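Understanding the architecture of this molecule
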Amino acid sequence: MSKTNYQKITLEDKEPLIKERHRMTAILENVYRRIADEKYDFTETDFSKQYLGKCGTYFAYLKSTGKDVSVDALLKLWGRLNIEHQTCASAISRTDRAF
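Scope of this entry: the structure provided in the associated data block. The structure presented is a predicted model; accordingly, all values stated were derived computationally and were not measured. (Residues numbered from 1 in each chain as written. Predicted model: local features only at pLDDT ≥ 70, side-chain atom pairs only at ≥ 80, totals over all residues. Heavy atoms only, no water.)

Quick word on the pattern of salt bridges
- As enumerated under the stated definition, the model contains 6 salt bridges in all.
- Taking the shortest distance from any N to any O, the salt bridge between Lys54 and Asp72 comes out at 3.5 Å. In this pair, Lys54 is assigned in the loop between helix 2 (44-51) and helix 3 (58-65) and Asp72 in helix 4 (residues 71-93), connecting sequence segments 18 residues apart.
- Taking the shortest distance from any N to any O, the salt bridge between Lys76 and Asp72 comes out at 3.5 Å. Note that Lys76 and Asp72 are positioned in helix 4 at a spacing of 4 residues, about one turn of the helix.
- Its relative accessible area of 37% is what places Lys76 among the partly exposed residues.
- One salt-bridge network, in which partners are shared between bridges, spans Lys39, Arg80 and Glu84. (Salt bridge = Lys/Arg side-chain N within 4 Å of Asp/Glu carboxyl O. Helix = DSSP H or I, 4+ residues; strand = E, 2+ residues; numbered from the N terminus. Buried < 20%, exposed > 50% of the residue type's maximum accessible area, 1.4 Å probe, protein only.)

Set out below in C-alpha cells:
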C-alpha cells in the first residue's frame, strides 16, 4: 500500500481567496453607500430586495459571513444599475440646461 502525502493547507494559502471575498463585499458596500446617499430612507433591506433581487437580509448575511455574492445577484445589480444609468442619460439628453 502506498502512502499518500496530504498537503497541509495553511491560512497563508487561503489568504488570496479571503482577500477576494472581502474585496467583493467592499465593492457591494460602496455601491450601497452611493445609492443610499442619493435616495432618501434607503436601507440595506431595500438594497437586498431591489438591487440584488434577494430577501431583505441577504446583504447583511453577506457582510456577516464573508460569503460570496451569487452570480444571480450580481447580474440583477448590473441590470438595475444599467437601467438607472440609461434613464438618467436619457433625461440629461432632453434637458436644455448643462449639468
